[in-house]
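Listed here are the chains, written in short residue letters.
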Amino acid sequence: MGAFNFNMVVFMALVASTAFCSSATQHIVGDASGWVIPNNHNLYTDWASQRIFTVGDSLVFDFLTGDVTEVCKDDYDHCHVSNPGSTIKTSPAIINLTSPGDHYYICSLEGHCIFHQKLAINVVMNSSCSK
């Protein structure tokens, strides 16, 4: 019976630490504005600069028209899609952040990216779980 209690305590500690380490944030892109052609061309840059994106988090893109397309930096900078990662055409589009590094998203509808419907973020590892 004593070994069972000890094993149960160890199991509960592992469950608790996993729950703590796997806490993730769901980021609503653009907050109340959503994923639109912004009136302020710095909307998404300013929005991203106020957040820390961590592996395990997710992005939620809310839109009425358009899409969300993951692209490389060159495509992001020049607003074209030569080698798309994935395109989501239904809203809300939820993208799970599974790897650290720079990630780039645009709306691939003609004219949308040029008018600043694009987002660049940097995703970091969850430091509280990497020991």
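See the structure printed just above.
This report concerns the structure included in the present document. (Residues numbered from 1 in each chain as written. Predicted model: local features only at pLDDT ≥ 70, side-chain atom pairs only at ≥ 80, totals over all residues. Heavy atoms only, no water.)

A word on the overall build of the protein
Step number 1: Of the regular secondary structure elements, the protein holds three helices and eight strands.
Step number 2: The buried share of the protein, reckoned over its 131 residues, is 31%.
Step number 3: Accessible surface for the protein amounts to roughly 8,100 Å². Of this, 59% is attributable to carbon and sulfur atoms. (Helix = DSSP H or I, 4+ residues; strand = E, 2+ residues; numbered from the N terminus. Buried < 20%, exposed > 50% of the residue type's maximum accessible area, 1.4 Å probe, protein only. Areas by Shrake-Rupley, 256 points an atom, 1.4 Å probe, with all protein chains shown as cover.)

Details of the packing of aromatic side chains
Step number 1: With the rule as written, the count across this model stands at five aromatic pairs.
Step number 2: With a centroid separation of 5.7 Å and an interplanar angle of 45°, the aromatic rings of W47 and F53 are classed as tilted. Each member of the pair, W47 together with F53, is buried.
Step number 3: Both rings, one in Y76 and one in Y104, keep their centres 5.2 Å apart while their planes meet at 45°; by these two values the pair is tilted. In this pair, Y76 is assigned in helix α3 (residues 73–78) and Y104 in strand β7 (residues 101–106), connecting sequence segments 28 residues apart.
Step number 4: Among the residues examined, Y104 registers a relative accessible area of 12% and is labelled buried.
Step number 5: Here the aromatic residues W35, Y44, F61 and Y105 are joined through ring pairs into a cluster of three or more.
Step number 6: Looking at K118, its charged tip hangs above the ring of Y76, at a distance of 4.5 Å from the centre. (Phe/Tyr/Trp six-rings, centres within 6.5 Å; stacked < 30°, edge-to-face > 60°. Lys NZ or Arg CZ within 6 Å of the ring centre and 35° of its normal.)

A few points about the sheet that holds strand β5 (residues 87–88)
Step number 1: Strand order in this open sheet of five strands is β2-β8-β7-β4-β5, and the pairing throughout is mixed. At either margin of the open sheet sits one strand with a lone partner, and together these are β2 (53–54) and β5.
Step number 2: Sheet topology note: the strand β4 (residues 68–71)/β7 ladder contains three bridges and is antiparallel. Residue pairing for β7: T69 is matched across the bridge by I106. (Pairing = 2+ DSSP bridges.)

Observations regarding the side chain of T69
Step number 1: Within the secondary structure, T69 is located in strand β4.
Step number 2: Engagement of the side chain of T69 in a polar contact is seen with the side chain of D67, the distance being 3.3 Å.
Step number 3: Not counting residues up to four positions away in its chain, the partners in contact with T69 are V81, P84, S86, T87, Y104, Y105, I106 and S108. (Polar contact = N/O pair within 3.5 Å; in protein donor to acceptor, adjacent residues only side chain to side chain. Contact = heavy atoms within 4.5 Å.)

Examining the sheet that holds strand β3 (residues 58–61)
Step number 1: In spatial order, the strands read β1-β3-β6; together these three strands make up an open sheet with mixed pairing. Each having just a single partner strand, β1 (26–28) and β6 (93–96) make up the two edges of the open sheet. Geometrically, the sheet is characterised by an average inter-axis angle of 20° between neighbouring strands, direction not taken into account.
Step number 2: Two strands pair when backbone bridges link them, and β1 and β3 are joined in this way by three bridges, in the parallel orientation. Each residue of the ladder has a partner; that of Q26, found in β3, is S58. (Axes fitted to C-alpha atoms, helices over the stretch in contact; angles between N-to-C directions.)

Some words on the nonpolar core
Step number 1: One finds W35, L59, F61, Y105, L119 and I121 to be the most contacted residues of the largest nonpolar core, which totals 18 residues.
Step number 2: Going through the elements one at a time, α2 (43–49), β3, β6 and β8 (118–124) are the ones with two or more residues in this core.
Step number 3: Among all residues touching I121, those that are not within four sequence positions of it are A48, F53, L59, L97, G101, D102, H103 and Y105.
Step number 4: If you look at the next biggest cluster of nonpolar residues, it comprises five residues, including Y76, Y104, I106 and C113. (Core = buried A, V, L, I, M, F, W, Y, C linked by side-chain atoms within 4.5 Å.)

Brief notes about the pairing of β3
Step number 1: Residues S58 and V60 line one face of β3 and the alternating positions L59 and F61 line the opposite face, and both faces are buried.
Step number 2: Sheet topology places β3 next to β6; four bridges connect them, and they run antiparallel. The partner of S58 across the bridge, within β6, is N96.

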